[in-house]
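A structural walkthrough
So you can see what is in the structure, the chains are spelled out below.
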Amino acid sequence: AALVLQLSLSVADCPGTGSAQAGRAAACQGCPNQRLCAAGAAVTDPAEAAELRERLRGVKHTVVVLSGKGGVGKSTFSALLAHGLAADEAKQVALLDIDICGPSIPKMMGLEGEQVHQSGSGWSPVYVEENLGVMSVGFLLSSPDDAVIWRGPKKNGLIKQFLRDVDWGEIDYLIVDTPPGTSDEHLSIVQYLSAAHIDGAVIITTPQEVSLQDVRKEINFCHKVKLPIIGVVENMSGFVCPKCKNESQIFPPTTGGAEKMCQNLNVSLLGKVPLDPQIGKSCDKGQSFLSEAPESPATSSYRNIIQRIQEYCDQHHFQEEKII
(Lines give C-alpha, C1' and ligand atoms only; values in the text may rest on other atoms or scores of the structure.)
Protein backbone atom coordinates (compact mmCIF):
# COMPACT_ATOMS: atom_id res chain seq x y z
CA ALA A 1 0.00 0.00 0.00
CA ALA A 2 2.86 2.38 0.83
CA LEU A 3 4.44 1.70 -2.57
CA VAL A 4 1.17 2.37 -4.39
CA LEU A 5 0.77 5.63 -2.45
CA GLN A 6 4.34 6.69 -3.28
CA LEU A 7 3.84 5.95 -6.99
CA SER A 8 0.54 7.82 -7.14
CA LEU A 9 2.10 10.84 -5.47
CA SER A 10 5.09 10.72 -7.82
CA VAL A 11 2.91 10.68 -10.92
CA ALA A 12 0.63 13.44 -9.71
CA ASP A 13 3.47 15.68 -8.55
CA CYS A 14 5.88 15.07 -11.46
CA PRO A 15 7.43 18.49 -12.20
CA GLY A 16 7.74 17.71 -15.91
CA THR A 17 10.86 17.13 -17.98
CA GLY A 18 11.22 20.79 -18.87
CA SER A 19 11.22 21.95 -15.25
CA ALA A 20 14.36 23.05 -13.41
CA GLN A 21 13.28 20.54 -10.73
CA ALA A 22 13.18 17.62 -13.20
CA GLY A 23 14.82 14.63 -11.52
CA ARG A 24 15.45 16.65 -8.35
CA ALA A 25 11.99 17.08 -6.79
CA ALA A 26 10.78 14.87 -3.95
CA ALA A 27 8.27 13.26 -6.30
CA CYS A 28 11.16 12.08 -8.51
CA GLN A 29 12.48 9.68 -5.86
CA GLY A 30 12.12 6.11 -7.09
CA CYS A 31 11.25 7.12 -10.68
CA PRO A 32 13.21 4.99 -13.20
CA ASN A 33 13.83 8.10 -15.32
CA GLN A 34 15.13 10.23 -12.45
CA ARG A 35 18.76 10.12 -13.60
CA LEU A 36 17.88 11.01 -17.18
CA CYS A 37 15.66 13.92 -16.15
CA ALA A 38 18.23 15.24 -13.69
CA ALA A 39 20.88 15.14 -16.40
CA GLY A 40 18.53 16.89 -18.81
CA ALA A 41 17.10 14.18 -21.02
CA ALA A 42 16.54 16.78 -23.68
CA VAL A 43 19.25 17.56 -26.21
CA THR A 44 21.96 18.62 -23.78
CA ASP A 45 24.87 18.54 -26.23
CA PRO A 46 25.01 21.99 -27.93
CA ALA A 47 26.62 20.44 -31.02
CA GLU A 48 23.80 17.88 -31.26
CA ALA A 49 21.16 20.60 -30.85
CA ALA A 50 22.84 22.66 -33.58
CA GLU A 51 22.91 19.59 -35.84
CA LEU A 52 19.18 19.02 -35.38
CA ARG A 53 18.43 22.70 -35.97
CA GLU A 54 20.44 22.66 -39.17
CA ARG A 55 18.73 19.52 -40.48
CA LEU A 56 15.24 20.84 -39.65
CA ARG A 57 15.79 24.48 -40.57
CA GLY A 58 13.77 23.97 -43.77
CA VAL A 59 10.70 22.74 -41.85
CA LYS A 60 8.20 25.58 -41.53
CA HIS A 61 5.51 23.89 -39.39
CA THR A 62 5.59 20.75 -37.22
CA VAL A 63 2.41 19.11 -35.89
CA VAL A 64 2.52 16.12 -33.49
CA VAL A 65 -0.54 13.83 -33.49
CA LEU A 66 -1.21 12.22 -30.08
CA SER A 67 -3.74 9.91 -28.48
CA GLY A 68 -4.14 8.62 -24.97
CA LYS A 69 -5.49 5.24 -26.10
CA GLY A 70 -4.81 3.00 -29.07
CA GLY A 71 -7.42 2.31 -31.73
CA VAL A 72 -9.00 5.77 -31.75
CA GLY A 73 -7.90 6.61 -35.30
CA LYS A 74 -4.69 8.56 -34.66
CA SER A 75 -2.68 7.10 -37.56
CA THR A 76 -5.71 7.41 -39.84
CA PHE A 77 -5.99 11.07 -38.91
CA SER A 78 -2.24 11.61 -39.42
CA ALA A 79 -2.42 10.05 -42.89
CA LEU A 80 -5.48 12.07 -43.90
CA LEU A 81 -4.02 15.28 -42.47
CA ALA A 82 -0.95 14.72 -44.65
CA HIS A 83 -3.11 13.98 -47.71
CA GLY A 84 -5.31 17.01 -47.05
CA LEU A 85 -2.37 19.40 -46.67
CA ALA A 86 -0.65 17.96 -49.76
CA ALA A 87 -3.79 18.57 -51.84
CA ASP A 88 -2.31 22.04 -52.28
CA GLU A 89 0.45 21.24 -54.78
CA ALA A 90 2.31 24.37 -53.74
CA LYS A 91 2.88 22.86 -50.27
CA GLN A 92 5.57 20.33 -49.40
CA VAL A 93 4.39 17.85 -46.75
CA ALA A 94 6.23 15.12 -44.83
CA LEU A 95 4.75 12.41 -42.59
CA LEU A 96 7.03 10.89 -39.93
CA ASP A 97 5.81 7.68 -38.28
CA ILE A 98 7.44 7.13 -34.86
CA ASP A 99 5.01 4.40 -33.81
CA ILE A 100 7.95 2.01 -33.75
CA CYS A 101 6.17 -1.12 -32.51
CA GLY A 102 3.06 -0.65 -34.66
CA PRO A 103 3.99 1.27 -37.83
CA SER A 104 0.75 1.37 -39.84
CA ILE A 105 1.52 4.46 -41.93
CA PRO A 106 3.24 2.56 -44.81
CA LYS A 107 0.07 0.45 -45.27
CA MET A 108 -2.26 3.46 -45.04
CA MET A 109 -0.20 5.48 -47.52
CA GLY A 110 0.02 2.64 -50.06
CA LEU A 111 3.78 2.24 -49.51
CA GLU A 112 3.97 -1.24 -48.02
CA GLY A 113 7.13 -3.05 -49.18
CA GLU A 114 8.99 0.15 -50.05
CA GLN A 115 12.59 0.61 -48.91
CA VAL A 116 14.51 3.63 -47.63
CA HIS A 117 17.31 4.82 -49.91
CA GLN A 118 20.56 6.39 -48.75
CA SER A 119 22.12 9.35 -50.52
CA GLY A 120 25.02 11.65 -49.82
CA SER A 121 22.70 13.99 -47.96
CA GLY A 122 21.10 11.27 -45.80
CA TRP A 123 18.11 8.94 -45.93
CA SER A 124 15.53 9.87 -48.55
CA PRO A 125 11.83 9.79 -47.59
CA VAL A 126 9.55 7.52 -49.60
CA TYR A 127 7.22 9.65 -51.72
CA VAL A 128 3.49 9.15 -52.25
CA GLU A 129 3.31 12.23 -54.45
CA GLU A 130 5.99 14.70 -55.49
CA ASN A 131 5.00 16.91 -52.57
CA LEU A 132 4.25 14.20 -49.97
CA GLY A 133 7.10 12.18 -48.43
CA VAL A 134 6.91 9.52 -45.71
CA MET A 135 9.42 8.02 -43.26
CA SER A 136 8.66 5.05 -41.01
CA VAL A 137 10.41 2.19 -39.24
CA GLY A 138 8.11 0.02 -41.38
CA PHE A 139 10.41 0.71 -44.33
CA LEU A 140 13.33 -0.78 -42.40
CA LEU A 141 11.68 -4.14 -41.65
CA SER A 142 12.22 -7.19 -43.85
CA SER A 143 8.54 -8.13 -43.44
CA PRO A 144 5.39 -6.26 -42.28
CA ASP A 145 4.93 -9.06 -39.73
CA ASP A 146 8.31 -8.50 -38.06
CA ALA A 147 8.03 -7.50 -34.40
CA VAL A 148 10.17 -4.60 -33.16
CA ILE A 149 11.21 -5.67 -29.66
CA TRP A 150 13.24 -2.72 -28.40
CA ARG A 151 13.83 -1.00 -25.09
CA GLY A 152 13.43 2.77 -24.71
CA PRO A 153 17.02 3.89 -25.50
CA LYS A 154 17.01 2.15 -28.89
CA LYS A 155 13.63 3.69 -29.77
CA ASN A 156 14.93 7.12 -28.78
CA GLY A 157 18.02 6.60 -30.90
CA LEU A 158 15.94 5.80 -33.99
CA ILE A 159 13.71 8.87 -33.47
CA LYS A 160 16.81 11.06 -33.26
CA GLN A 161 18.17 9.38 -36.39
CA PHE A 162 14.92 10.06 -38.27
CA LEU A 163 15.16 13.76 -37.43
CA ARG A 164 18.92 14.11 -37.89
CA ASP A 165 19.71 11.80 -40.82
CA VAL A 166 16.67 12.09 -43.12
CA ASP A 167 17.04 14.59 -45.95
CA TRP A 168 13.78 16.41 -45.29
CA GLY A 169 14.62 19.40 -47.47
CA GLU A 170 12.27 22.39 -47.60
CA ILE A 171 8.96 21.38 -45.98
CA ASP A 172 5.85 23.40 -45.20
CA TYR A 173 4.36 20.79 -42.84
CA LEU A 174 5.99 17.93 -40.93
CA ILE A 175 3.30 15.66 -39.43
CA VAL A 176 4.50 13.29 -36.68
CA ASP A 177 2.39 10.19 -35.97
CA THR A 178 3.13 8.86 -32.48
CA PRO A 179 2.19 5.69 -30.58
CA PRO A 180 -0.56 5.96 -27.94
CA GLY A 181 0.42 7.15 -24.48
CA THR A 182 2.88 9.52 -22.83
CA SER A 183 6.11 7.58 -22.72
CA ASP A 184 9.62 7.35 -24.23
CA GLU A 185 8.75 8.18 -27.82
CA HIS A 186 6.67 11.21 -26.84
CA LEU A 187 9.32 12.64 -24.55
CA SER A 188 11.99 12.08 -27.19
CA ILE A 189 10.14 13.71 -30.09
CA VAL A 190 9.17 16.77 -28.02
CA GLN A 191 12.67 17.20 -26.62
CA TYR A 192 14.44 16.71 -29.95
CA LEU A 193 12.05 18.99 -31.80
CA SER A 194 12.44 21.65 -29.10
CA ALA A 195 15.98 22.09 -30.47
CA ALA A 196 14.36 23.28 -33.69
CA HIS A 197 10.66 24.16 -33.88
CA ILE A 198 7.27 22.66 -33.02
CA ASP A 199 3.85 24.27 -33.54
CA GLY A 200 1.84 22.02 -31.27
CA ALA A 201 -0.15 18.82 -30.82
CA VAL A 202 -3.45 17.53 -32.15
CA ILE A 203 -5.02 15.00 -29.76
CA ILE A 204 -7.37 12.29 -31.06
CA THR A 205 -10.13 10.70 -28.98
CA THR A 206 -13.41 8.88 -29.31
CA PRO A 207 -16.57 10.01 -27.45
CA GLN A 208 -16.72 7.46 -24.61
CA GLU A 209 -15.35 8.16 -21.14
CA VAL A 210 -12.85 5.28 -21.25
CA SER A 211 -11.07 7.15 -24.06
CA LEU A 212 -11.50 10.64 -22.61
CA GLN A 213 -9.88 9.71 -19.30
CA ASP A 214 -6.67 8.88 -21.15
CA VAL A 215 -6.90 12.06 -23.22
CA ARG A 216 -6.95 14.08 -20.00
CA LYS A 217 -3.60 12.46 -19.17
CA GLU A 218 -2.34 13.39 -22.65
CA ILE A 219 -3.38 17.01 -22.13
CA ASN A 220 -1.61 17.01 -18.77
CA PHE A 221 1.49 15.59 -20.50
CA CYS A 222 1.43 18.46 -23.00
CA HIS A 223 1.25 21.00 -20.18
CA LYS A 224 4.13 19.30 -18.32
CA VAL A 225 6.47 19.33 -21.33
CA LYS A 226 5.27 22.78 -22.51
CA LEU A 227 3.89 21.43 -25.79
CA PRO A 228 1.17 23.75 -27.16
CA ILE A 229 -2.17 22.04 -27.83
CA ILE A 230 -3.67 22.93 -31.20
CA GLY A 231 -6.87 21.12 -30.29
CA VAL A 232 -8.79 17.87 -29.86
CA VAL A 233 -10.51 15.83 -32.58
CA GLU A 234 -13.42 13.55 -31.64
CA ASN A 235 -13.23 10.56 -33.96
CA MET A 236 -15.99 7.98 -34.57
CA SER A 237 -18.54 10.57 -33.48
CA GLY A 238 -21.83 8.93 -34.40
CA PHE A 239 -22.80 6.85 -37.44
CA VAL A 240 -25.45 7.68 -40.04
CA CYS A 241 -26.87 4.57 -41.74
CA PRO A 242 -26.47 4.98 -45.52
CA LYS A 243 -29.83 3.24 -46.09
CA CYS A 244 -32.25 4.49 -43.45
CA LYS A 245 -30.29 7.69 -42.62
CA ASN A 246 -30.85 7.17 -38.89
CA GLU A 247 -27.96 8.26 -36.67
CA SER A 248 -26.57 5.90 -34.04
CA GLN A 249 -24.04 6.56 -31.29
CA ILE A 250 -21.69 3.59 -31.56
CA PHE A 251 -19.56 5.05 -28.75
CA PRO A 252 -22.05 6.93 -26.54
CA PRO A 253 -20.66 10.15 -25.00
CA THR A 254 -21.80 9.23 -21.49
CA THR A 255 -19.90 12.12 -19.87
CA GLY A 256 -20.51 14.70 -22.60
CA GLY A 257 -17.84 13.57 -25.05
CA ALA A 258 -14.87 15.60 -26.23
CA GLU A 259 -16.93 18.80 -26.35
CA LYS A 260 -17.64 18.79 -22.60
CA MET A 261 -14.06 17.77 -21.78
CA CYS A 262 -12.62 20.60 -23.91
CA GLN A 263 -14.87 23.13 -22.17
CA ASN A 264 -13.75 21.90 -18.76
CA LEU A 265 -10.05 21.93 -19.64
CA ASN A 266 -10.10 25.09 -21.76
CA VAL A 267 -8.84 23.30 -24.88
CA SER A 268 -10.08 23.84 -28.44
CA LEU A 269 -12.33 21.22 -30.01
CA LEU A 270 -11.21 21.14 -33.66
CA GLY A 271 -14.15 19.06 -34.80
CA LYS A 272 -16.05 15.77 -34.77
CA VAL A 273 -15.60 13.09 -37.43
CA PRO A 274 -18.47 10.61 -37.90
CA LEU A 275 -17.89 6.92 -38.59
CA ASP A 276 -17.76 5.92 -42.24
CA PRO A 277 -16.93 2.31 -43.24
CA GLN A 278 -15.17 3.66 -46.33
CA ILE A 279 -12.43 5.16 -44.12
CA GLY A 280 -11.22 1.70 -43.08
CA LYS A 281 -11.48 0.37 -46.64
CA SER A 282 -9.46 3.28 -48.02
CA CYS A 283 -6.76 2.81 -45.38
CA ASP A 284 -6.50 -0.91 -46.17
CA LYS A 285 -6.09 -0.09 -49.87
CA GLY A 286 -3.55 2.65 -49.18
CA GLN A 287 -5.80 5.30 -50.74
CA SER A 288 -6.83 8.74 -49.51
CA PHE A 289 -10.37 8.63 -48.13
CA LEU A 290 -10.67 12.37 -48.87
CA SER A 291 -10.42 11.75 -52.60
CA GLU A 292 -12.17 8.34 -52.56
CA ALA A 293 -15.30 9.70 -50.81
CA PRO A 294 -15.39 13.46 -51.43
CA GLU A 295 -19.12 13.73 -50.62
CA SER A 296 -18.97 11.93 -47.27
CA PRO A 297 -19.88 13.94 -44.16
CA ALA A 298 -16.64 12.59 -42.65
CA THR A 299 -14.64 14.16 -45.51
CA SER A 300 -16.32 17.49 -44.85
CA SER A 301 -15.40 17.23 -41.16
CA TYR A 302 -11.79 16.33 -41.98
CA ARG A 303 -11.44 19.27 -44.37
CA ASN A 304 -12.81 21.72 -41.79
CA ILE A 305 -10.42 20.36 -39.13
CA ILE A 306 -7.45 20.54 -41.51
CA GLN A 307 -8.32 24.14 -42.33
CA ARG A 308 -8.40 25.02 -38.63
CA ILE A 309 -4.98 23.41 -38.12
CA GLN A 310 -3.58 25.41 -41.04
CA GLU A 311 -5.00 28.62 -39.60
CA TYR A 312 -3.47 27.84 -36.20
CA CYS A 313 -0.05 27.16 -37.74
CA ASP A 314 -0.16 30.34 -39.81
CA GLN A 315 -1.12 32.39 -36.76
CA HIS A 316 1.57 30.69 -34.67
CA HIS A 317 4.18 31.46 -37.33
CA PHE A 318 3.02 35.10 -37.54
CA GLN A 319 3.29 35.50 -33.76
CA GLU A 320 6.81 34.05 -33.76
CA GLU A 321 7.88 36.45 -36.53
CA LYS A 322 6.57 39.39 -34.45
CA ILE A 323 8.60 38.22 -31.45
CA ILE A 324 11.73 37.89 -33.57
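Rules behind the numbers
- Residues numbered from 1 in each chain as written.
- Predicted model: local features only at pLDDT ≥ 70, side-chain atom pairs only at ≥ 80, totals over all residues.
- Heavy atoms only, no water.
- 1 Å grid on protein atoms, 1.4 Å probe; cavity = no way out; pocket = protein on both sides within 12 Å on 5 of 7 lines; lining within 4 Å.
- Points joined across faces, edges and corners; volume = space filled by probe spheres on them.
- Nonpolar A, V, L, I, M, F, W, Y, C, P; charged D, E, K, R; others polar.
- Helix = DSSP H or I, 4+ residues; strand = E, 2+ residues; numbered from the N terminus.
- Buried < 20%, exposed > 50% of the residue type's maximum accessible area, 1.4 Å probe, protein only.
- Polar contact = N/O pair within 3.5 Å; in protein donor to acceptor, adjacent residues only side chain to side chain.
- Contact = heavy atoms within 4.5 Å.
- Phe/Tyr/Trp six-rings, centres within 6.5 Å; stacked < 30°, edge-to-face > 60°.
- Pairing = 2+ DSSP bridges.
- Axes fitted to C-alpha atoms, helices over the stretch in contact; angles between N-to-C directions.
- Right-handed = clockwise from strand over helix to strand, strands pointing away.
- pLDDT = per-residue confidence, 0-100.
- Arc of directions from axis to C-beta.

Moving on: empty space enclosed by the protein. One way to see where empty space is left: roll a probe the size of a water molecule over the atoms. In this structure the tally under the stated criterion is 1 cavity of 30 Å³ or more. One number sums up the size of the largest cavity: a volume of about 40 Å³. Leu56, Val59, Thr62, Leu174, Leu193, Ala196 and His197 are the residues that line the largest cavity. Its residues assigned to classes, the lining of the largest cavity shows 5 nonpolar, 2 polar and no charged.

Among the structural elements, Asn131 can be located in the loop between strand E5 (126-129) and strand E6 (132-136). A relative accessible area of 8% means that Asn131 is categorised as buried. Polar side-chain contacts of Asn131 include one of 2.9 Å to the backbone oxygen of Ala86. Every residue in contact with Asn131, bar those within four places of it in the chain, is listed here: Ala86, Asp88, Glu89, Lys91, Gln92 and Val93.

Using the criterion set out here, one finds 3 aromatic pairs in the structure. For the ring pair Trp123 and Phe162, a centre distance of 5.9 Å and an interplane angle of 65° mean the geometry is edge-to-face. Of this pair, Trp123 sits in strand E4 (residues 122-124) while Phe162 sits in helix H6 (residues 152-165); the two residues are 39 residues apart in sequence, bridging distant segments of the chain. Assessed through its relative accessible area of 13%, Trp123 is described here as buried. Judged by centre distance (6.4 Å) and plane angle (70°), the ring pair of Phe289 and Tyr302 falls under edge-to-face. A residue pair is termed long-range when its members are at least 10 positions apart, and Phe289 in helix H11 (residues 289-292) and Tyr302 in helix H12 (residues 297-323) qualify at 13 residues. Here the two residues Phe289 and Tyr302 agree in accessibility, since each one is buried.

We now examine the sheet that holds E5. Spatially, the 8 strands line up as an open sheet ordered E5-E6-E2-E7-E1-E8-E9-E12, and their pairing is mixed. Looking at the sheet topology across the chains shown, the edges are occupied by E5 and strand E12 (269-272). Each strand axis lies, on average, 20° off the axis of its neighbour in the sheet, ignoring direction. Examined bridge by bridge, strand E2 (residues 93-97) and E6 share 5 bridges and lie parallel to one another. Bridging across to E6, Leu96 finds its partner in Met135.

Moving on: the pairing of strand E9 (residues 229-234). Of all 6 residues that make up E9, 6 are buried, and the element is covered over most of its length. Where strand E8 (residues 200-205) and E9 come together, 5 bridges link them in parallel fashion. Looking across to E9, one finds that Ile204 is bridged to Val233. As a crossover connection, the stretch from E8 through helix H8 (residues 209-224) into E9 is right-handed. Pairing of E9 with E12, which is carried by 3 bridges, proceeds in the parallel orientation. Within E12, the residue paired with Glu234 across the bridge is Lys272.

So, about the confidence of the model for the chain. Of all residues in the chain, 87% attain a pLDDT of 70 or more, and the chain-wide mean is 88. Residue range residues 1-10 is modelled with pLDDT below 50. Its contacts to residues more than four positions away, or to other chains, number 4 contacts.

It is worth spelling out helix H9 (residues 257-265) at this point. The complete set of buried residues in H9 reads Gly257, Ala258, Met261 and Cys262. In a view along the axis of H9, the buried residues occupy a sector of 150°, so they form one face of it. Exposed residues pointing more than 90 degrees away from the buried face of H9 are listed as Gln263 and Asn264. Where H9 is buried, its residues contact E8, H8, E9 and E12. Asn266 sits one or two positions beyond H9 and adopts a positive phi of about 60°.

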